[in-house]
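Inside the fold
Here's the letter readout for the chains.
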Amino acid sequence: MGMRFVLNGFGYITIATIGLIVFSIIDGIKGDEYLTDSINWSLAIKDIGFFKVWMWPFTHLFFQAANLWVYIGLFMMKDKALAFWLFYFKSLETLLQNLIKLAYFDTRPCFLNQELADMGCSCSFGKISGHASTTFFFYLFILTEYLLPLKRKVWLKILFSFLTIVMIFFVGMSRIFYGSHSWNQVLLGWFWGFWIWALSRSLWYYFGEDFIVFIESGYDKKTAKVWFLLSGFLS
């Protein structure tokens, strides 16, 4: 029963919540140090050609792919119940992370340094990193709910897992590289993305079967088009 709780129930929420609380306390104590360290790190490597080439697709392509695929998935994914579930929680993640930014109203490194600002900087508040949160939730969801359940060889599943970790990690690092976020803002974004994933997985475990019945009993192409338009409006 204990293992079942950890793997399928609200054990995920417990782990994610503890992580958020512990790091939030650390962040409150050392947040200014993280900001200074992030600025110094960004300035030290910003002119290195390899990092310019390497970081660009992570901060732009892989992040936007996470946003775009959610909406395309409503049409393309065969498992419509899981596609709608992904859309609902992706929308929830986006809404709440923006509210968190307004609650923290924390500065970004690029607000404090003109060299970093010249690399491109958002005008919204910095904590938490939306890129880190979104990609952590989305790619972990795709991995655990779509890729790993496939009947594939073990080495291929290991490869899927490795690539997921690489994308999540370097999307976060790219935000520090461009001066858009500090270390603590990215780490909190990762924790928040994990918390939303944990919530979605836990609730699916308890209500997934009922949700499948609900979607399959009322789903049609007209419904999908309505949700597609609504998703574009919410985004």
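Here, every reference points to the structure presented above.
Residues numbered from 1 in each chain as written. Predicted model: local features only at pLDDT ≥ 70, side-chain atom pairs only at ≥ 80, totals over all residues. Heavy atoms only, no water.

Here we look at the side chain of Ser200
- Along the chain, Ser200 falls in helix α9 (residues 183-218).
- Taking the relative accessible area as the measure of exposure, Ser200 reaches 1% and is therefore buried.
- A polar contact of 2.7 Å, which involves the side chain of Ser200, links it to the backbone oxygen of Trp197.
- Beyond its immediate chain neighbours, meaning those up to four positions away, Ser200 contacts Trp85, Phe89, Phe137 and Phe141. (Helix = DSSP H or I, 4+ residues; strand = E, 2+ residues; numbered from the N terminus. Buried < 20%, exposed > 50% of the residue type's maximum accessible area, 1.4 Å probe, protein only. Polar contact = N/O pair within 3.5 Å; in protein donor to acceptor, adjacent residues only side chain to side chain. Contact = heavy atoms within 4.5 Å.)

Thoughts on the nonpolar core
- Of all hydrophobic cores here, the largest spans 51 residues; its most connected members are Phe137, Phe141, Trp195 and Trp197.
- Of all elements in the fold, only α2 (11-45), α3 (49-76), α4 (80-104), α7 (130-147), α8 (154-177) and α9 reach the threshold of two or more residues within this core.
- For this core, the element with the highest residue contribution is α9, accounting for 13 residues.
- Discounting residues that sit within four places of it in the chain, Phe141 has contacts with Leu82, Trp85, Leu86, Tyr146, Trp197 and Ser200. (Core = buried A, V, L, I, M, F, W, Y, C linked by side-chain atoms within 4.5 Å.)

Brief notes about the environment of Gln97
- With respect to the element layout, Gln97 can be found in helix α4.
- It is 8.3 Å that separates the C-alpha atoms of Gln97 and Gly189, two residues lying 92 residues apart in sequence.

A closer look at α2
- Between its first and last C-alpha, α2 extends only 40 Å over 35 residues, short of the 51 Å set by a 1.5 Å rise per residue.
- Where α2 bends most, at Lys30, the angle is about 75 degrees. (Expected span 1.5 Å × (residues − 1). Bend = angle between axes of the 7 residues up to and from the residue.)

Describing the pattern of salt bridges
- Going through the model one piece at a time under the given rule, you end up with three salt bridges.
- Asp47 is the partner of Lys46 in a salt bridge, and the nearest nitrogen-oxygen pair spans 3.2 Å.
- Lys90 is the salt-bridge partner of Glu93, the closest N and O atoms lying 4.0 Å from each other. Here Lys90 and Glu93 lie together in helix α4, a separation of three residues that amounts to about one turn. (Salt bridge = Lys/Arg side-chain N within 4 Å of Asp/Glu carboxyl O.)

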